[in-house]
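# Observations on chain architecture
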Amino acid sequence: MTLPGVLLLDAASPESGALARAAAARGHQVHAATTTAAYAGYGPELKGLLAGHIATDFTQPDRALAEIAAYARRHGVGAVLTVNEYLTELAAHLCAELGVPGNDPGRARAARDKAAMAEAFAAAGVSAPHTVLAQGETGLRAALADPRIGFPCVIKPLSGAGSAGVTVVTGPAGAAAAADAARTTAGMYGGGGDGRVLVQAYAAGTEYSVESLTQDGTTTHLAITRKQVTRGPKRVETGHSLPIHLPQAVEADVYQEVEAAIRAAGIRNGASHTEVIVGADGRCVVIEIGARLAAGQIGFLIQHALGLDVWAALLDVALARPATLAPTARGYATVRFVTSPRAGRLTSVCGFPTTGPGVPFVRWRAAIGGLVHKPGANGHRLGSFVVTGPDTDEVEERADALLRRVRIHVEPVPENTGQVRPASTSAIAP
Ligand SMILES: Nc1ncnc2c1ncn2[C@@H]1O[C@H](COP(=O)(O)OP(=O)(O)O)[C@@H](O)[C@H]1O
Ligand SMILES: [Mg+2]
């Protein structure tokens, strides 16, 4: 019997690689839909795993949908997955077109466009910060004068990711520059640039994400993740840890809000990553939802801490097979991201960990001699490593100690003309 083929929309990230390996190991033919430029960057291992690929242009979603659907039909594709946030809406439409398990295409925009998300959350009664869509200078002034916004507030692009172009603004003086940053932040496949930005009330508290898997409309929460985030105007994630256990009532409230957000975004079959902030009073607000597995190695943290084959589970959901979601381990895992304290040219790195017992995953992605940035977006990470073990405190201490050992040297450059890479949901895009 020929097994259905598995199609990945963009296979470049480590998470996509893990999915491709898991599908191939189960005997599926694995295909990728990608851009010509991205395919050129795929490594030999990934290219060797692929039974085929279709080069397409994701900036033209209607054409991409038609081309990929035709390719999928020709190649017996029975499952479509993506871990690329920018492609989740296309994935929902493609699944519907092919009649394979996926999300509601009529709602999929709500997990991608933050204005649509705010509307969907408001309509579904999800607790979320008050959000105003502001067009131009007049719109910005009106939004800042809205008593439901106030200061600090957050100005962000409509469809960014990875914290790119998001600024916490503490007073009117910083608002215009923050709005410019949001307006000029291009997504991975273009978009934006139409003068609109979102102005959002600031939610004070501790930031978590909830990693969930939904099958036939029933959601299982795999873990709550605590995020380490920089303070100040640019909130960049510097680490994630899981599983986190919150007081029972708080956890119940978080899950209730997350489930409402999942329904509002039409997530019926697939992973989701919902970011929440829990205030000092224990109340939770939903910051955003992604209709995909979390980036930033969170899939690997789940695998190592909980002994859960997250890749197999994602494939099962995509193939309409019952997914196994029970943890088989009671460990803990954390990832640390190495960032540069200043902008300049990276001249050397030493002390970056290697894999070994308790350090199952390391990845360095910054080129020596290349330009680096002060962390302004998740795409500015230089490298990452995962630490895992049975004891929460020991794992955190070891991760901090390993991070302290990393020494990077950055030379100032007179005029840092390096372009910020497009916002990527893949923490370590190649
Ligand atoms: N309303 C808010 N209140 C407080 N912090 C926020 C708010 N919105 C965003 N942030 C901070 O900015 C970060 C990036 O914003 P987010 O909306 O998640 O954009 P992205 O899609 O780029 O990840 C969040 O992880 C959080 O630290
Ligand atoms: Mg986010």
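A quick note: this is a predicted structure, and the numbers were derived from the prediction, not measured.

### Description of the overall build of the protein
When helices and strands are counted, the protein shows 12 helices and 19 strands. Here the C-alpha coordinates of the protein stretch approximately 65 × 50 × 45 Å along the principal axes. Residue burial in the protein is summarised as follows: out of 430 residues, 57% are buried. For the protein, long-range pairs separated by at least 24 residues make up 67% of all intrachain contacts whose partners lie at least 6 apart in sequence. Side chains of the protein carry 38 positive and 37 negative charges; the gap between the two charge centres is 4 Å.

### Brief notes about the UniProt feature "domain: ATP-grasp" (unreviewed entry) in the protein
As annotated by UniProt and renumbered to match this structure, "domain: ATP-grasp" (unreviewed entry) occupies residues 118-319. The distance from the first to the last C-alpha atom of residues 118-319 is 31 Å, and the span holds 30% helix and 31% strand.

### Observations concerning the packing of helix H7 (residues 136-145) against helix H8 (residues 175-183)
At a minimum axis distance of 11 Å, the contact between H7 and H8 shows a crossing angle of 120°. Comparing their axes, H8 and H7 come out oblique. In this structure, the crossing between H7 and H8 has a hand that is right-handed. Here H7 contributes Gly136, Glu137, Leu140 and Leu144 to the contact with H8, which in turn contributes Ala175, Ala176, Ala179 and Arg183. The class makeup of the residues in the contact of H7 with H8 is 5 nonpolar, 1 polar and 2 charged.

### Thoughts on the pattern of salt bridges
Summed over the entire model, instances satisfying the criterion amount to 21 salt bridges. With a shortest N-O distance of 3.0 Å, aspartate 180 and arginine 183 are connected by a salt bridge. Here aspartate 180 and its partner arginine 183 are both found in helix H8, 3 residues apart, which amounts to about one turn of the helix. Judged by its relative accessible area of 41%, aspartate 180 is partly exposed. For arginine 196, the salt bridge identified is with aspartate 194, shortest N-O distance 2.9 Å. Connected through shared salt-bridge partners, Arg226, Arg336, Glu396 and Asp400 make up one network.

### Examining the environment of valine 338
Here valine 338 shows up in strand S14 (residues 332-338). Valine 338 sits 303 residues away from threonine 35 along the chain, and the two C-alpha atoms are 29 Å apart. Setting aside residues no more than four positions away along its own chain, valine 338 makes contact with Phe352, Trp364, Arg381, Leu382, Gly383, Phe385, Leu403 and Val406.

### Concerning the coordination of the magnesium ion (ligand 2)
Around a metal, the idealised angle for a tetrahedral arrangement of four donor atoms is 109.5 degrees; for an octahedral arrangement of six donor atoms it is 90 or 180 degrees. The coordination sphere of the magnesium ion (ligand 2), as far as protein atoms go, consists of Glu275 (OE) and Glu288 (OE), spread over 1.9 to 2.1 Å. Linking glutamate 275 in strand S12 (residues 270-278) with glutamate 288 in strand S13 (residues 284-290), this pair joins segments that are 13 residues apart in sequence.

### Details of the domain arrangement of the protein
Here the protein is described as being made up of domain 1 (5-100), domain 2 (130-201), domain 3 (206-330) and domain 4 (333-411). The centre of domain 2, based on its C-alpha atoms, is set 26 Å off from the matching centre of domain 3. Taken together, the contacts link 6 residues of domain 2 with 6 residues of domain 3. Each partner contributes to the roughly 500 Å² buried at the junction of domain 2 and domain 3, and carbon and sulfur atoms together form 42% of this total. Between domain 2 and domain 3 we count 0 salt bridges in total. Put simply, domain 2 and domain 3 have 4 residue pairs in polar contact (both at pLDDT 80 or more) between them. For the side of domain 2 that touches domain 3, the residue count by class is 2 nonpolar, 3 polar and 1 charged.

### Quick word on the site of ligand 1
As a structural note, the neighbourhood of ligand 1 is formed by 21 residues, with Lys114, Lys156, Ser163, Ala203 and Glu207 the closest of them. At 2.9 Å, a backbone N or O of alanine 201 approaches a nitrogen atom of ligand 1. Protein chains shield 98% of the accessible area of ligand 1, which is 540 Å² for the free molecule. Looking at the shell around ligand 1, the elements with two or more residues in it are strand S6 (153-156), strand S8 (196-201), S12 and S13. The residue makeup of the shell around ligand 1, split by class, is 11 nonpolar, 4 polar and 6 charged. Split by domain, the residues of the shell around ligand 1 number at least three in each of domain 2 (130-201) and domain 3 (206-330).

### A short note on the nonpolar core
Ranked by internal contacts, the top residues of the largest apolar core, which has 46 residues, are Leu19, Leu81, Ile302, Trp311, Leu314 and Leu315. Elements with a minimum of two residues in this core: strand S1 (5-9), helix H1 (14-25), strand S2 (30-34), strand S4 (77-81), strand S10 (218-229), helix H10 (298-306), helix H11 (310-318) and S14. Take this core: its biggest share by element is 7 residues, from H11. Residues contacting leucine 81, with those up to four places away along its chain left out, are Val6, Leu7, Leu8, Leu9, Leu19, Leu314, Leu315 and Ala318. Of all hydrophobic cores here, the second largest spans 42 residues; its members include Ala111, Ala120, Phe121 and Ala260.

### With respect to the sheet that holds S13
One open sheet holds the 8 strands; their spatial order is S13-S12-S9-S10-S11-S14-S18-S16, and the pairing between them is antiparallel. At either end of the open sheet lies a strand with only one pairing partner, and these are S13 and strand S16 (361-364). If you compare each strand with its neighbour and ignore which way they point, the axes differ by 25° on average. The sheet contact formed by S12 and S13 spans 6 bridges and is antiparallel. Bridge assignment links isoleucine 277 to a residue of S13, and that residue is valine 285. In this fold H11 packs onto strand S9 (206-215), S10 and S12, with an angle of close to 50° to the strand it touches most, S9.

Reading guide: rules and limits
- Residues numbered from 1 in each chain as written.
- Chains lettered and ligands numbered in written order.
- Predicted model: local features only at pLDDT ≥ 70, side-chain atom pairs only at ≥ 80, totals over all residues.
- Heavy atoms only, no water.
- Helix = DSSP H or I, 4+ residues; strand = E, 2+ residues; numbered from the N terminus.
- Buried < 20%, exposed > 50% of the residue type's maximum accessible area, 1.4 Å probe, protein only.
- Contact = heavy atoms within 4.5 Å.
- Lys, Arg positive; Asp, Glu negative; His and termini not counted.
- Charge placed at Lys NZ, Arg CZ, Asp CG, Glu CD.
- UniProt positions renumbered as here; feature names shortened; annotations may be inferred.
- Axes fitted to C-alpha atoms, helices over the stretch in contact; angles between N-to-C directions.
- Parallel < 35°, antiparallel > 145°, perpendicular 65-115°, else oblique.
- Left-handed = near helix turned anticlockwise from the far one by under 90°.
- Nonpolar A, V, L, I, M, F, W, Y, C, P; charged D, E, K, R; others polar.
- Salt bridge = Lys/Arg side-chain N within 4 Å of Asp/Glu carboxyl O.
- Donors = N, O, S within 2.8 Å, 3.2 Å for Na, K, Ca; no water.
- Domains from an automatic or database assignment.
- Buried area = accessible area lost by both parts, 1.4 Å probe.
- Polar contact = N/O pair within 3.5 Å; in protein donor to acceptor, adjacent residues only side chain to side chain.
- Near = heavy atom within 4 Å.
- Areas by Shrake-Rupley, 256 points an atom, 1.4 Å probe, with all protein chains shown as cover.
- Core = buried A, V, L, I, M, F, W, Y, C linked by side-chain atoms within 4.5 Å.
- Pairing = 2+ DSSP bridges.

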